[in-house]
Amino acid sequence: MLGSAASFAFFLSIGSIIRTEDRIPIALQAAQMHLLPPNIAAQPQGAAYATMKARWMMEKQRALSEVESRKATF
């Protein structure tokens, strides 16, 4: 019986945490949305491909610049 009470209290506390997570100020929600990367799935297929390709190119350029900087230090 004590185990049942402990389980009930545990799941009740999880439920209360989940319900209160959505209650953050609107200004904070807007700031979080502004800082998040764009949602690729919400874009048309051509735009999503262009976004992914641009990100890959940026990552490739960053990796190449890191390699070049390492070569310059040796």
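Just above sits the structure.
Note that the structure is a prediction, hence the values are computed from the model and not measured. (Residues numbered from 1 in each chain as written. Predicted model: local features only at pLDDT ≥ 70, side-chain atom pairs only at ≥ 80, totals over all residues. Heavy atoms only, no water.)

(A) Main features of the overall build of the protein. Regarding its fold elements, the protein presents three helices and zero strands. In sequence order, the secondary structure elements of the protein are arranged as α-α-α. In the protein, buried positions account for 1% of the 74 residues. Total accessible area on the protein stands at roughly 6,900 Å², and carbon and sulfur atoms take up 68% of it. (Helix = DSSP H or I, 4+ residues; strand = E, 2+ residues; numbered from the N terminus. Buried < 20%, exposed > 50% of the residue type's maximum accessible area, 1.4 Å probe, protein only. Areas by Shrake-Rupley, 256 points an atom, 1.4 Å probe, with all protein chains shown as cover.)

(B) Broad picture of a nonpolar patch on the surface. Among the surface-exposed residues, F10, F11 and I14 lie close enough to one another that they form a single nonpolar patch of about 310 Å² accessible area. Summarising the element assignment, F11 is placed in helix α1 (residues 2-21). (Patch = residues over 30% accessible without salt bridge, like charges linked within 9 Å, V, L, I, M, F, W, Y side chains within 5 Å. Salt bridge = Lys/Arg side-chain N within 4 Å of Asp/Glu carboxyl O.)

These values are about where atoms sit, not about what they do.
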